[in-house]
Every structure is written in structure tokens, then in C-alpha cells.
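Residue-level listing of the chains:
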Amino acid sequence: MILDGHSPDAIHQAAVLLRGGGLVAFPTETVYGLGADATSDTAVAGIFAAKGRPSDHPLIVHVASGVAGAEAVSRFAQPLPPFAALLVKAFWPGPLTLIVTRQHGVGAAAAGGQDTIGLRCPAHPVAQALLAACMAQGVPGLAGPSANRFGRVSPTTAAHVQHEFGDDLMVIDGGPCHVGIESTIVDCSRGAPVLLRPGGITRAQIEAVCGERVREPAELAQPDPRASGTLEAHYAPNAKLRLMDARALQTGLDVLGADAAHIAVWSRSLLTSRSQRVRQRRMPDDAVAAAQQLFAVLREFDAGGAKLIWIETPPDSPEWEGVRDRLRRAAAA
Ligand code: TXA
Ligand code: MG
């Protein structure tokens, strides 16, 4: 069922359910999360089961902001390296996840058995209200991957979540997500900042705060963590997705002519088709707006029965890195 996240009653009900080991989907500024008590390995096992996610893929733990959140961080993590503390100060609450060294004896299931743990303090007021209510119930953090089945498109509305999991799941509605793609992930456990997943907070913003260059996972010798956001094929719609420049798109539409009926197109350029039944949506020229719409557009195309989704390759500039990354992985599926 979907509950209004602005109702204190709903928040309380959700916190009680979470305290008892249940699952609750909740809004964040990036995408909706599927939450469970991060300190309970059995509650967290419920997330893996519901998502169909391999149990060695670690989850992100969400914590409250302010003093309570700082306490929660020290529950889950060993003292942060100085550059990680700077990132916390600059970007929390916000769309940034930090991978840090895990505190002994807590969050093993959430961390997928690794000795590091992902922490994030979301900026969404409904998420913060829920995290505060959970704290009051003695739950210091919520393990929460995106509330979609493994490998599929992340949800940016409460209705998307219900579509993924059905009506039995409690979904707290906080409206459509403003950022629209998942948080930027920076691994802070390897001595220097390593970018594991691009997102709303850009590489340049991270470098400005850390005062050092952000590394690529391959640059440091340790093995790659099993970050599912870093799998080559991910975020997949049902339809086959292809990325093309505007010219190739127009050529494709011209060649297919009236047979192009089952194709859905998302492009910044204006394209024409001889088929009235080609679905065309305009991609915003602005990367932030495009990220906001991306997953909802893919779901809308799927729901409309598209067999093929053709998308104009986004610009090569730094602010488009997150959108380019998601589209590349969706196209690889
Ligand atoms: O914006 C977001 O981050 C959303 C919202 C709900 O907060 N959450 C999200 O969770 O995207 P999920 O599970 O779909 O993606 C989490 C990513 C995965 O790629 C996971 O492997 C990686 O974070 N991750 C988590 N803990 C990790 C760890 N200890 N080491 C390496 N990667 C980790
Ligand atoms: Mg995900």
C-alpha cells in the first residue's frame, strides 16, 4: 500500500514495521529505496530476497543528519579518513554515498560480507523524517538499495515501486525524486577517493572538496568491489535500448518509414518519422533535468509497449557523466 510520507502517523507506522524486521520503501532525492533495519541481518536478508539480488552485493546504509547521524556513522564505520570527513561536511545530507571501513560486528549482511560499508545521508525531508523516527525506535540506520528488482530500472515515484513489488509492500510516498539517478559513490577505504558510480555530485565537485584527484577503480591495486551499479549491464528496460547520434537516429527512422511503429525515441534533436505511432519524447538540453526524467521515460516507453528504445547519445561534457553512465549500462543489457 502507498502511504503519504507527510503524515506523521504513516512515518510512525513505517518505523514500527522496520523495527520489527519488516521492509518499507521510502523516497530519497535520488531514487526510491527498499529499506530494512541495517543492524538486523535477518531484516536485511528480506531485501535480498525481495529484489532477487545476489547476497554478496552490498547495500547502502542510510543515516539521519545532524548529531544523531554522526552517532549512527560511528556505529557502522571506523573513524573516517580526513578527506571522507570533508566530503561529509560538504555534501551531506545529499546524493553522495561513501564506502568506508566497517565497524566490527555490525551490518555484515548489509555490507554483503565485505569489511567496508556504504553510508549515505539522504536530503529528502520524508527520508529524514523516517530515519529520525527509526532512531527513536532504536534503529540507527536503514539498509536501502534502489526499490527495483535486480538489474531493472530504478524507481523515481511511489507508483513505480508498487509496479515492481505489488500492493503488499508498504511504500512511503514523497513525490517524484528530484535528482532522478542514484547517488554518486566514492570509495574512501583505499587511501584516496575512488569514483565507483557517477551521479548528481560531480567528479569536479569531489575533487574541489578533497583537494586531490579522484581515482578510477582500476588505478588502485585492490580488487574491484562487487558494486552492482558498476556491472556492465544494469538499469535495463524491457525493450532493447540503443544509443545513437542524431544523424543515425534520423536515418534509422527514415529507413523504417511507416514500419517504425514500435520504436520509442528520446532525443534532444527534433526528428521526423513517417509513422504516426513512433513515440517521441524530447530529452532536455540540461543534464540535471535529463537525469530527473531518465528512469521515468524508460518506464513510460516500456509501459507503452515499445520494442525498441532509441536514445540520442548525450553530450560528452562532465555534467552528463551520470546520465551517460546509466544509458550505457542500460544499452548493454
Ligand atoms: O541513490 C542511491 O544511492 C539509492 C538510494 C535509495 O539511496 N540507492 C542505491 O542503492 O542506488 P543500490 O543498492 O541500488 O546501489 C548501491 C551501490 C551498489 O552498486 C553497491 O554494490 C554499492 O553501492 N556498494 C554498497 N556498499 C558497497 C561496498 N561496501 N563496497 C562497494 N560498493 C558498495
Ligand atoms: Mg540499484
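Small disclaimer: the values here were computed from a predicted structure and weren't measured.

The subject of this paragraph is the overall build of the chain. Scanning the chain from terminus to terminus reveals 10 helices and 14 strands. Whereas a compact globule of 333 residues would reach a radius of gyration of roughly 20 Å, the chain reaches 20 Å, a difference of no more than 12%. Relative to its full complement of 333 residues, the chain shows a buried share of 53%. In the chain, the share of contacts with a sequence separation of at least 24, taken over all contacts with a separation of at least 6, comes to 66%. When the accessible surface of the chain is summed, it comes to about 13700 Å², and 55% of that surface belongs to carbon and sulfur atoms. Each charge class in the chain was averaged separately, 30 positive and 32 negative side chains, and the resulting centres sit 4 Å apart.

Our focus in this paragraph is helix α9 (residues 287–303). Between its first and last C-alpha, α9 extends 24 Å over 17 residues, near the 24 Å set by a 1.5 Å rise per residue. Largest kink in α9: about 40°, centred on Leu294. If you follow the buried residues of α9, they end up packed against α6 (158–165), β11 (240–244), β12 (263–267), β13 (279–282), β14 (308–312) and α10 (321–332). Directly after α9, the chain includes Gly305, whose backbone phi takes a positive value near 85°.

Let's shift gears to the packing of aromatic side chains. One pair of aromatic rings is described through two measures. These are the centre distance and the angle between the planes. Under the defined criterion, the tally for this structure stands at zero aromatic pairs. The ring of Trp320 has Arg268 sitting right over it, with the charged end atom 5.8 Å from the ring centre.

In this section: the pattern of salt bridges. Counting across every chain of the model gives 14 salt bridges. Linking Arg120 and Glu29 is a salt bridge whose minimum nitrogen-to-oxygen distance equals 3.1 Å. Of this pair, Arg120 sits in strand β6 (residues 116–120) while Glu29 is found in the loop between β2 (24–26) and β3 (33–37), placing the two residues 91 residues apart along the sequence. Across the pair, exposure class does not vary: Arg120 and Glu29 are buried alike. Where Arg326 meets Asp325, a salt bridge forms, and the shortest distance between an N and an O atom there is 2.8 Å. Of the two residues, Arg326 and Asp325, both sit in the buried class.

Moving on, we come to the UniProt feature "domain: YrdC-like" (unreviewed entry) in the chain. The UniProt record annotates "domain: YrdC-like" (unreviewed entry) at residues 8–201. With 33% helix and 19% strand, residues 8–201 has its two end C-alpha atoms placed 30 Å apart.

When the domains of the chain are assigned, the result is domain 1 (2–230) and domain 2 (240–332). Taking only C-alpha atoms into account, the centre of domain 1 sits 29 Å from that of domain 2. Each side of the interface is counted separately: domain 1 has 23 residues, and domain 2 has 14 residues. Of the roughly 1400 Å² buried between domain 1 and domain 2 on both sides combined, carbon and sulfur atoms contribute 52%.

Procedures and definitions
- Residues numbered from 1 in each chain as written.
- Chains lettered and ligands numbered in written order.
- Predicted model: local features only at pLDDT ≥ 70, side-chain atom pairs only at ≥ 80, totals over all residues.
- Heavy atoms only, no water.
- Helix = DSSP H or I, 4+ residues; strand = E, 2+ residues; numbered from the N terminus.
- Rg over C-alpha atoms; globule rule 2.2 N^0.38 Å.
- Buried < 20%, exposed > 50% of the residue type's maximum accessible area, 1.4 Å probe, protein only.
- Contact = heavy atoms within 4.5 Å.
- Areas by Shrake-Rupley, 256 points an atom, 1.4 Å probe, with all protein chains shown as cover.
- Lys, Arg positive; Asp, Glu negative; His and termini not counted.
- Charge placed at Lys NZ, Arg CZ, Asp CG, Glu CD.
- Expected span 1.5 Å × (residues − 1).
- Bend = angle between axes of the 7 residues up to and from the residue.
- Phe/Tyr/Trp six-rings, centres within 6.5 Å; stacked < 30°, edge-to-face > 60°.
- Lys NZ or Arg CZ within 6 Å of the ring centre and 35° of its normal.
- Salt bridge = Lys/Arg side-chain N within 4 Å of Asp/Glu carboxyl O.
- UniProt positions renumbered as here; feature names shortened; annotations may be inferred.
- Domains from an automatic or database assignment.
- Buried area = accessible area lost by both parts, 1.4 Å probe.

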